[in-house]
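What the coordinates show
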Amino acid sequence: MEQRKFITGITRKQAERHGDYNAFLERHTKNTAGKNTDELYTPPAVYEAVLEWVKKNCPSIHGKRIMRPFRPGGDYKAENYTGAVVIDNPPFFIEHFITRWYVDNGVPFFLFAPAITLFRGSSILDKLTYVAVDAEVEYVHDEHVHATVHTSFITNLADLTSYQIIAAPELREAIMQAQCKQDPTAKPAKTEYHPNLVTPYRFSTLAEVGIPMRVRREETLWWRNRLMQRGRLNIFGGAFIVSDRVAEAVKEAIARKERPIKYYEPTPEAIYKVNHGEGGTR
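Within every chain, residues take consecutive numbers counted from 1 along the sequence as written. Local features are withheld for residues below a pLDDT of 70 in this predicted model, meaning they are given only at 70 or higher, and side-chain atom pairs are given and counted only at 80 or more; totals for whole chains, interfaces and linings count all residues. Only hydrogens and water are set aside; all other atoms, that is, all heavy atoms of the structure, feed into the side-chain values.

Attention now moves to the confidence of the model for the protein. Averaged over all residues, the pLDDT of the protein is 81; the fraction at 70 or higher stands at 75%. In predicted models, pLDDT denotes the confidence assigned by the predictor to each residue on a 0 to 100 scale. Pairs of residues are marked as contacts when any of their non-hydrogen atoms sit within 4.5 Å. When the criterion is pLDDT under 50, residues 27-38 qualifies, and its contacts beyond four places in sequence or with other chains add up to 36 contacts.

Once that is clear, we can look at the sheet that holds strand β13 (residues 240-242). Should DSSP find at least two bridges between two strands, the strands are regarded as paired. Runs of E in the DSSP output that reach at least two residues are strands. Runs of H or I that reach at least four are helices, and both are numbered from the N terminus. Strand order in the open sheet made by the three strands is β10-β13-β12, with antiparallel pairing throughout. With one partner strand each, in any of the chains shown, β10 (197-198) and β12 (220-222) form the two edges of the open sheet. Across two bridges, the pairing between β10 and β13 is antiparallel. For V198, the partnering residue across the bridge sits in β13 and is F240.

On to the environment of N57. Relative to the elements of secondary structure, N57 occurs in helix α3 (residues 44-57). Only protein chains enter the accessibility calculation, which uses a 1.4 Å probe. A residue is then buried if its area is under 20% of the maximum for its type, exposed if over 50%, and partly exposed in between. In this structure N57 comes out as buried when scored by relative accessible area, which is 18%. Along the sequence, N57 and D159 sit 102 residues apart, while their C-alpha atoms lie 7.5 Å from each other. Two N or O atoms count as a polar contact when they lie within 3.5 Å, although within protein this holds only if one can serve as hydrogen donor and the other as acceptor, and sequence-adjacent residues are included solely when both atoms are side-chain atoms. At 2.9 Å, the side chain of N57 forms a polar contact with the backbone oxygen of W53. Within polar-contact distance, the side chain of N57 engages the side chain of R214 at 3.1 Å.

Right, dumping it as structure tokens:
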């Protein structure tokens, strides 16, 4: 099977400012773990590991065509999605537009996404489920050009729609094993958060330490500055306020990490709502 295109934050317009696009691509992807890249491909073993997890956990896709529309020169809007489900790694820098288009057009999908900004798409939160694994994936262009990107997933598959966020340690482990990688030693956090506030990085810790969890929408509130006790600080990558049940599990998962230096805190009213099933994304 042909490896598919993986694109992150560099646009062709940005590259053209630097002259030759291919030279720019190679200069900015060669041995640059976690940095912006453009044309990289998913290792087949990683894709197969993801596909197997989706098949196991989402029986609604059985009998459907598996589509990978994100290929060089392709146009995902022009594809025929009848009887199909998309399981692919889209261009990350336009992923929000892709997920919105798929939601608006009733296309079921399970898409690769950058882990650090996983909680995107705030305007369609009620239609999305975030599968947090924060697995390092080494995407490749050729033997000389590669980039390691911390990866999670966004989906609208009916089997998971009751949940806002999911920690999937078995998926993380499958991705790591597909690359013959060991989990790296956890790095100390740099920022401190209230226990009921989870970022993609904090929630993914559950998957790192092997704790599975599915969080219903009623146990979450999308982070907004008006729900914050002190000041007006944005949280890079987005965040959810979650119920005490979820907060305790996350706290347990990160207990061994060094205490950070900043502190974010939601209002008591927000915590009350998620603890009493009054949350949701509308």
